[in-house]
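Commentary on secondary and tertiary structure
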Amino acid sequence: MTSLPTMVDPFGRTVDYLRVSVTDRCDFRCVYCMAEDMTFLPKRDLLSLEELDRLCTTFIEKGVRKLRLTGGEPLVRKNIMELIRSLGRHLDSGALDELTLTTNGSQLARYADDLYAAGVRRVNVSIDTLDAQKFATVTRWGRLGQVMEGLDAARRAGLGVKINAVALKDVNEHEITSMMDWAHGEGFDLTLIETMPLGDIEGDRTDQYLPLSLVRQRLEETHTLKPIPHRTGGPARYVEVAETGGRLGFITPMTHNFCESCNRVRVTCTGTLYMCLGQDDAADLREPLRASEGNELLNAAIDEAISRKPKGHDFVIERAGAAPAVSRHMSVTGG
Ligand code: SAM
Ligand code: SF4
């Protein structure tokens, strides 16, 4: 029997999950993610859709079983469905277990049916608040109604939805229970994320940071949270909420070290491979990708990079005004 290809890092972790940022652009300007006047990359620096396809395919041939497209906002990249449809062939062949995306939901009404037809079965939609006014403030440019229409379309298309919410002090801090009731009532899982110090955002991150340990403690005063082994291949740890019957996930990069079981790497829209979200070390894959039509150079660059995957991140949010732990924005590396 031939064994499946695998990539294994120096700490024995199998890397089978690739997140690809297909664009650094976005139609929102979430306060914890971007500055309002972001400077985006020149188009020529971006990998073309064909190059992204080739890159993803090479990773799949090397053992990636789960592929998540992200950004920026993946659905604002021009002709993005061409890439998604093309990548769907790896689901058909059985080489890939899952093709999914993280989206702000603004374009879902337009794309939900196409996504399903391409083989996508689940999407993560980021919504931090259900208060339309607050939503407009947090996203700066977003409209909650449009996202809600996207969620309806996703459901009609047959897509599973997980809601991601970044826990933000003073913003949604007192809304977590009602968001959970809503999500579970709609049949959506809800995952809470701690803010991470990524990129300069005009403002102080210590103002935004809300430890999930505190959120959980508060929730436990009114709800029964039962830890469950459910995993989606990502870093979230889940509980089942007895009162709602739904699942609640916690992604706690700050309060908990979630690196031991890290199975993922990230590629930016310019073809830079980051072996860890919280470290600056990276490998350029664009040059080997463009240097020849064959994949030898690309394969060698990936192998070399995986052999440098670090043990963990160095996030700390403590000093007011301290520089971000990592200078690039989440929209560049992809969340
Ligand atoms: N635009 C898409 C979206 O918002 O879902 C995909 C890209 S976005 C960068 C991916 C996820 O990262 C979102 O859930 C977003 O809330 C989260 N995110 C962005 N900046 C973050 C930060 N500094 N700390 C924690 N999560 C962050
Ligand atoms: Fe855009 Fe997503 Fe960043 Fe918000 S979190 S600005 S939607 S990339």
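Refer to the structure above for everything that follows.
Residues numbered from 1 in each chain as written. Chains lettered and ligands numbered in written order. Predicted model: local features only at pLDDT ≥ 70, side-chain atom pairs only at ≥ 80, totals over all residues. Heavy atoms only, no water.

Throughout the structure, instances matching the rule amount to 14 salt bridges. Two residues, Arg65 and Asp97, come together in a salt bridge whose shortest N-O distance is 2.6 Å. Highlighted residues: Arg65 in the loop between helix H1 (49-61) and strand E2 (66-70) and Asp97 in the loop between helix H3 (89-93) and strand E3 (98-103), separated in sequence by 32 residues. (Salt bridge = Lys/Arg side-chain N within 4 Å of Asp/Glu carboxyl O. Helix = DSSP H or I, 4+ residues; strand = E, 2+ residues; numbered from the N terminus.)

The strand order across the open sheet formed by twelve strands is E7-E8-E9-E6-E5-E4-E3-E2-E1-E10-E11-E12, and the pairing between neighbours is mixed. The open sheet has two edge strands, strand E7 (225-228) and strand E12 (282-284), and neither has a second partner. Ignoring which end each strand starts from, the neighbouring axes of this sheet average 25 degrees apart. The pairing of strand E10 (residues 264-267) with strand E11 (residues 272-274) spans two bridges and is classified as antiparallel. (Pairing = 2+ DSSP bridges. Axes fitted to C-alpha atoms, helices over the stretch in contact; angles between N-to-C directions.)

Attention now goes to the packing of aromatic side chains. Scanning the model with the defined rule gives two aromatic pairs in all. Residues Phe28 and Phe135 carry aromatic rings whose centres are separated by 6.0 Å and whose planes lie at 90 degrees to one another, so their mutual orientation is edge-to-face. Pair noted here: Phe28 is in the loop between strand E1 (17-21) and H1 and Phe135 is in helix H5 (residues 132-139), with a separation of 107 residues, a long-range link. An angle of 75 degrees between the planes, with centres 5.9 Å apart, marks the rings of Trp182 and Phe188 as edge-to-face. Accessibility assignment for this pair places Trp182 and Phe188 in one class, buried. Lys66 extends its terminal NZ or CZ atom over the ring of Tyr17, reaching a point 4.8 Å from the ring centre. Positioned above the aromatic ring of Tyr116 is the side chain of Arg121, whose terminal nitrogen or guanidinium carbon lies 3.6 Å from the ring centre. (Phe/Tyr/Trp six-rings, centres within 6.5 Å; stacked < 30°, edge-to-face > 60°. Buried < 20%, exposed > 50% of the residue type's maximum accessible area, 1.4 Å probe, protein only. Lys NZ or Arg CZ within 6 Å of the ring centre and 35° of its normal.)

Phi is positive for Asn79, which is not a glycine, with a value near 60 degrees. Judged by relative accessible area, which is 40%, Asn79 ranks as partly exposed. Positive phi outside glycine occurs at Asp170, with the angle close to 65 degrees. Note that Asp170 resides in the loop between strand E5 (160-167) and helix H7 (176-186).

With that settled, the discussion passes to the site of ligand 1. By nearness alone, 18 residues border ligand 1, and Tyr32, Gly72, Thr102, Ser126 and Met196 come closest of all. One of the side-chain N or O atoms of Glu73 is found 3.2 Å from a nitrogen atom in ligand 1. Within the backbone of Thr103, an N or O atom sits 3.2 Å from an oxygen atom of ligand 1. In isolation ligand 1 offers 540 Å² of accessible surface; the protein chains occlude 96% of this area. When residues of the shell around ligand 1 are traced back to their parent elements, those giving at least two are E3 and E5. (Near = heavy atom within 4 Å. Polar contact = N/O pair within 3.5 Å; in protein donor to acceptor, adjacent residues only side chain to side chain. Areas by Shrake-Rupley, 256 points an atom, 1.4 Å probe, with all protein chains shown as cover.)

Among the nonpolar cores identified, the biggest contains 94 residues, and Phe59, Leu67, Leu115, Ile127 and Ile163 are the most heavily contacted of them. The contact partners of Ile127, leaving out residues within four places of it in the chain, are Phe135, Leu144, Val147, Met148, Leu151, Ile163, Asn164, Ala165, Met179 and Trp182. (Core = buried A, V, L, I, M, F, W, Y, C linked by side-chain atoms within 4.5 Å. Contact = heavy atoms within 4.5 Å.)

A turn of α-helix holds 3.6 residues, and therefore any two residues three or four places apart point the same way. Looking only at H5, the buried set comprises Phe135, Val138 and Thr139. One side of H5 carries all its buried residues, which in axial view fall inside an arc of 85 degrees. Among the exposed residues of H5, those pointing more than 90 degrees away from its buried face are Gln133 and Thr137. Those residues of H5 that are buried lie in contact with helix H6 (144-157). (Arc of directions from axis to C-beta.)

Time to look at the packing of helix H4 (residues 108-117) against H6. In contact at an axis separation of 8 Å, H4 and H6 are set at 20 degrees when each is read in the N-to-C sense. It follows from the interaxial angle that H4 and H6 lie roughly parallel. For H4 against H6, the interelement crossing comes out right-handed. Facing Leu108, Ala109, Ala112, Asp113 and Tyr116 of H4, the residues of H6 in contact are Glu149, Gly150, Ala153, Ala154 and Ala157. The class makeup of the residues in the contact of H4 with H6 is seven nonpolar, one polar and two charged. (Parallel < 35°, antiparallel > 145°, perpendicular 65-115°, else oblique. Left-handed = near helix turned anticlockwise from the far one by under 90°. Nonpolar A, V, L, I, M, F, W, Y, C, P; charged D, E, K, R; others polar.)

Here we come to the environment of Lys162. Relative to the assigned elements, Lys162 resides in strand E5. Remark: the alpha-carbon pair of Lys162 and Thr102, spanning 60 residues in sequence, is separated by 9.3 Å. Reaching out from Lys162, the side chain makes a polar contact with the side chain of Asn164 at a distance of 3.1 Å. One polar contact links Lys162 to Thr191, side chain to side chain, over a distance of 3.2 Å.

We now examine the environment of Thr23. Locating Thr23 in the fold gives a position in the loop between E1 and H1. By relative accessible area, which is 3% here, Thr23 ends up buried. Once the C-alpha coordinates of Thr23 and Thr70 are considered, the two residues, 47 residues apart in sequence, prove to be 7.8 Å apart.

Turning our attention to the side chain of Asn164. Following the sequence through the fold, Asn164 ends up in strand E5. For Asn164, a relative accessible area of 8% translates into the label buried. Filtering out sequence-adjacent residues up to four positions away, Asn164 remains in contact with Thr102, Asn124, Val125, Ser126, Ile127, Asp128, Thr191 and Ile193.

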